[in-house]
Amino acid sequence: MKPNRPVGIVGYGAYVPRFRIKAAEIARVWGAGEGGLPIEEKAVSGLDEDVISMSIEAARNALRRAQIDPQEIGAVWVGSESHPYAVKPSSTLVAEAIEATPLVSAADWQFACKAGTEAMQAAFGYIGSGMVHYALAIGADTAQGRPGDALEYTTGAGAAAFILGPGEESLAVLEESLSYVTDTPDFFRRPYMHYPEHGNRFTGDPAYFHHSVTAGQKLLEQLGRTAKDYTWAVFHQPNVKFPSKAAQMLGFSPEQIAPGLLVGQIGNTYAGASPIGLTATLDVAQPGDRIFMVSFGSGAGSDALSLQVTDAIVERRKRAAPTLAYVKRREEVDYATYARLRGKLQMA
Amino acid sequence: MPMELARNWRLRRQRLSLEGAQCAACGHLVFPTRPVCPKCRSRQLQPYRFSGRGEVYSFSTVYEPPAGFEGYAPYTVAQVRLAEGPLVTAQLTDVDADSVYIGMKVEMVTRKLFEDGENGLLVYGYKFRPPVMAPTNGHVSADVLAHTEPQHEAQAPVLVAN
Ligand SMILES: [Zn+2]
């Protein structure tokens, strides 16, 4: 997919909370061995943090880089599976906080871990058609896993925001994208349920790998390219192993995915995961570099995007804190503190 | 309840954007806004958005918080001297109480201030925290590539994608 006129990323920003819990600490509490833990540690949101607050900070970083008038933003779209309200948009509050209101489209998106890239895809269309000049697309989550469940080791917290706009103003131009979707119920949460259900190994081959790799292959075919035509690649990262294997299946090297592979340090940030990988990759990319990105959301589907970095990256990335500044800002907590921060204790 | 909703809504620009006012007559800056300039008594006050940068002027740690804030204790409340001049009273966040000092540089962030019970409104507003970091010079640092080594490979448990 590609709009009639060039579009791209004008500004980007990330946010990761400062608390960390080690996977080994979670394993200790549940009496599991430390062998084969899926990540080293994950980011945990503070008591005063949620998808709205994290989205606001990521959006402000994106605005600092873009240096545009927020009144020119025509759409504010927040993708998440942990919106603080069941009914009431997160996006209206984010739009208000960055002063993009009131002549603005605002909506919350939901597609498990690909809600953020889904919002990006739609924003490219809005801009490409000329309906708006800029759009803000955000992927953010404060994911929850049932205590003791396999998910609990990896469910992290973080956000990434992108101000998308015309190609000529962009620091990375969209070359082509596609979405690959089937109805594959690998992971879901019913209304009023606090924690999701998932299909354990069913989430692997038929879900994550099938959608990520097929979307990636089809986009490479459409562009007549191979992995060697790219400097960097970013994949959805529910753990370290899956994106590493998906990259390998598509011919990408460990070096190509290294800057955008942060799950080992911050956990699976769900709708924020591949978007934060992209912000970290933009932090190190050089003009002319090509970036290949594939998200994945349970349910299931993948968005694949091909981007080329422009000269504007050099000046703009300096204007806000880089992704790694947040990744490296860390305060380790034990399971008891983590349980308090994440509301896992029921007092009544 | 409806009264509180309306009140919280009216305060949104002040809370979310740190919007105060500037006196059109004498240039004096105030936060929060008010009807009359405290310096020259003019009523010509215009909305003014503060940068959010400042430093700690005084602080104290709250161990026995008022109703609605119990879950957050202990927390530190500070008077922050904004770079533009006015003093703002606000909670500090992302900082341990024992590492706060007078003169500490802080920046404004928007956080959840409180929840109006289990069914009620979530109220967001300004807090202050130590600045995350100065922007980079744009160069790739060597440890970017070094810190993403693959983790333990042995006896993998069930890995769940989602
Ligand atoms: Zn005055």
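This structure is a prediction, so every number in the text was calculated from the model and none was measured.

### Examining the overall build of chain B
Helix and strand counts for chain B come out as three helices and eight strands. When the helices and strands of chain B are listed from N to C terminus, the series reads α-α-β-β-β-β-β-β-β-β-α. Burial status across chain B gives 41% buried among its 162 residues. Contacts spanning at least 24 positions in sequence make up 48% of the contacts within chain B whose residues lie at least 6 apart. Carbon and sulfur atoms provide 53% of the accessible area of chain B, an area that totals close to 9,100 Å².

### Observations concerning the packing of helix α2 (residues 51-66) of chain A against helix α3 (residues 90-97) of chain A
Residues and elements named next belong to chain A. For the pair α2 and α3, interaxial distance at closest approach is 9 Å and the crossing angle is 40°. Judged by the angle between their axes, α2 and α3 are oblique. Seen along the crossing, α2 lies across α3 with a hand that is right-handed. Counting all contacts with α2, which are made through V51, I52, S55, I56, A59 and R60, the residues of α3 involved are S90, L93, V94 and A97.

### Observations concerning the interface of chain B and chain A
Between chain B and chain A, the contact holds 48 residues from the first and 65 residues from the second. Both sides together, the interface formed by chain B and chain A hides about 4,800 Å², and carbon and sulfur atoms give 54% of it. Here chain B and chain A share nine salt bridges between them. Residue R18 of chain A pairs with D96 of chain B through a salt bridge whose shortest N-O separation is 3.4 Å. In this structure, the connection of chain B to chain A is made through 20 residue pairs in polar contact (both at pLDDT 80 or more). Of all the elements, strand β7 (residues 105-115) of chain B adds the most residues to the side of chain B that touches chain A, at five residues. Each residue belonging to the side of chain B that touches chain A can be placed in one class, and the counts come to 24 nonpolar, 13 polar and 11 charged.

### Focus on the domain arrangement of chain A
When the parts come together, some accessible area is lost, and that loss is often what is quoted as the size of the interface. Residues and elements named next belong to chain A. Entries for chain A in the domain assignment read domain 1 (7-171 + 315-341) and domain 2 (175-311). Look at where the C-alpha atoms of domain 1 and domain 2 centre, and you get two points 16 Å apart. Domain 1 puts 53 residues into the contact, and the matching count from domain 2 is 52 residues. Taken over both partners, the interface formed by domain 1 and domain 2 buries close to 3,800 Å², and the fraction arising from carbon and sulfur atoms is 60%. When the buried area of domain 1 at its contact with domain 2 is split by residue, C113, Q121 and R317 rank highest and sum to 16% of it.

### Points about the coordination of the zinc ion
Geometrically, a metal with four donors at the corners of a regular tetrahedron has ideal angles of 109.5 degrees, and one with six donors at the corners of a regular octahedron has ideal angles of 90 or 180 degrees. All names here are of chain B. With distances of 2.3 Å, the protein atoms coordinating the zinc ion are C23 (SG), C26 (SG), C37 (SG) and C40 (SG). For the zinc ion, the four donor atoms in the first shell make angles of 104 to 112° at the metal, so the coordination geometry reads as tetrahedral. C23 gets classed as buried once you look at its relative accessible area, which sits at 2%. The partly exposed category is assigned to C40, whose relative accessible area is 33%.

### Remarks on the pattern of salt bridges
Throughout the structure, instances matching the rule amount to 28 salt bridges over all chains. A salt bridge links E49 of chain A to R111 of chain B; its shortest N-O distance comes to 3.4 Å. With E49 of chain A in the loop between β3 (41-44) and α2 and R111 of chain B in strand β7, the pair connects residues from two separate chains. Assessed through its relative accessible area of 5%, E49 of chain A is described here as buried. Given the relative accessible area of 1%, R111 of chain B is considered buried. Several salt bridges share partner residues, and in doing so they unite D48, E49, E57 and R329 of chain A together with D94, E107, R111, K127 and R129 of chain B into one network.

### Focus: helix α5 (residues 204-223) of chain A
Residues and elements named next belong to chain A. An ideal rise of 1.5 Å per residue puts 28 Å on 20 residues; α5 measures up with 27 Å between its terminal C-alpha atoms. A maximum bend of about 35° is found in α5 at H210. Within α5, burial applies to G204, A207, Y208, F209, H211, S212, V213, T214, A215, G216, L219 and L220. Tucked inside the fold, the buried residues of α5 contact β8 (172-184), β11 (232-235), α6 (241-249), β12 (290-294) and β13 (299-309). Positive phi appears at G224, one or two residues downstream of α5, with a value of about 65°.

### A few points about the nonpolar core
Residues and elements named next belong to chain A. Counting residues in hydrophobic clusters, the biggest one holds 77 residues, and the most contacted among them are I9, I73, L136, I163 and L282. When residues are assigned to domains, this core turns out to be shared by domain 1 (7-171 + 315-341) and domain 2 (175-311), each giving three or more. Ignoring anything within four residues of it in the chain, the contact list for I163 reads G8, I9, V10, G11, A62, L63, A66, I68, I73, Y134, A135 and L136.

### Observations concerning the layout of surface pockets
Its boundaries defined by the atoms lining it, the second largest pocket holds a volume of some 890 Å³. Looking at the second largest pocket, it is lined by 37 residues, and the ones nearest its centre are R60 and R64 of chain A together with S51, R53 and M108 of chain B. For the lining of the second largest pocket, the element with the highest residue contribution is α2 of chain A, accounting for seven residues. Across the lining of the second largest pocket, the residue classes break down as 18 nonpolar, eight polar and 11 charged.

Criteria and cut-off values
- Every chain is numbered on its own, with residues counted from 1 as its sequence reads.
- Both sets of labels track the order of writing: A upward for chains, 1 upward for ligands.
- Confidence filtering applies because this is a predicted model: local features only for residues at pLDDT of at least 70, side-chain atom pairs given and counted only at 80 or more, and all residues used for totals across whole chains, interfaces and linings.
- Based on all heavy atoms of the structure, the side-chain values leave hydrogens and waters out of the count.
- Helix and strand definitions here come from DSSP, where helices need a minimum of 4 consecutive H or I residues and strands a minimum of 2 consecutive E residues; each element is numbered from the N-terminal end.
- Whether a residue is buried, partly exposed or exposed follows from its accessible area with a 1.4 Å probe, protein chains only, as a fraction of its type maximum: under 20%, in between, or over 50%, in that order.
- Should any heavy atoms of two residues lie within 4.5 Å, those residues are considered in contact.
- Per-residue and other accessible areas follow the Shrake-Rupley method at a 1.4 Å probe size, with only the shown protein chains counted as cover for residues.
- Geometry is summarised by axes, namely lines fitted to C-alpha atoms with helices restricted to the contacting stretch, and by angles between N-to-C directions that run from 0 to 180 degrees.
- Geometric relationships in this document are graded by angle, where less than 35 degrees denotes roughly parallel, more than 145 denotes roughly antiparallel, 65 to 115 denotes roughly perpendicular, and other angles denote oblique.
- Take the far helix as your reference; a near helix turned counterclockwise from it by less than a right angle gives a left-handed crossing, and one turned clockwise gives a right-handed crossing.
- A 1.4 Å probe defines the accessible area here, and the buried area is the portion of it lost by two parts on being joined, summed over both.
- Salt bridges, as used here, are contacts in which a Lys or Arg side-chain nitrogen is within 4 Å of a carboxyl oxygen on Asp or Glu.
- Definition of a polar contact: a pair of N or O atoms within 3.5 Å, with one able to donate and the other able to accept a hydrogen when the atoms are protein atoms, and with sequence-neighbouring residues admitted only if both atoms are side-chain atoms.
- Under the grouping applied here, Gly and all other residues not named as nonpolar or charged are polar, the nonpolar ones being Ala, Val, Leu, Ile, Met, Phe, Trp, Tyr, Cys and Pro and the charged ones Asp, Glu, Lys and Arg.
- As used throughout, domain bounds are those supplied by an automatic or database domain assignment.
- Nitrogen, oxygen and sulfur within 2.8 Å of a metal are treated as its donors, or within 3.2 Å for sodium, potassium and calcium (Na, K, Ca); water is not counted, so a site can appear incomplete.
- Geometry is assigned from donor-metal-donor angles: four donors are tetrahedral when every angle falls between 85 and 135 degrees, four are square planar and six octahedral when opposite donors sit over 155 degrees apart with all other angles between 65 and 115, and any other arrangement is irregular.
- By this rule the span expected of a helix is its residue count minus one, scaled by 1.5 Å.
- To get the bend at any residue, fit one axis to the seven residues that end at it and another to the seven that begin at it, then take the angle between the two axes.
- What makes a nonpolar core is a set of buried Ala, Val, Leu, Ile, Met, Phe, Trp, Tyr and Cys residues whose side-chain atoms join them at distances within 4.5 Å.
- Using only the protein atoms, space was sampled on a 1 Å grid; points where a 1.4 Å probe fits but cannot get out form cavities, open sets with protein on both sides within 12 Å along at least five of seven lines form pockets, and lining residues are those with an atom within 4 Å of a point.
- Grid points are joined across faces, edges and corners, and a volume is the space filled by probe spheres set on the points.

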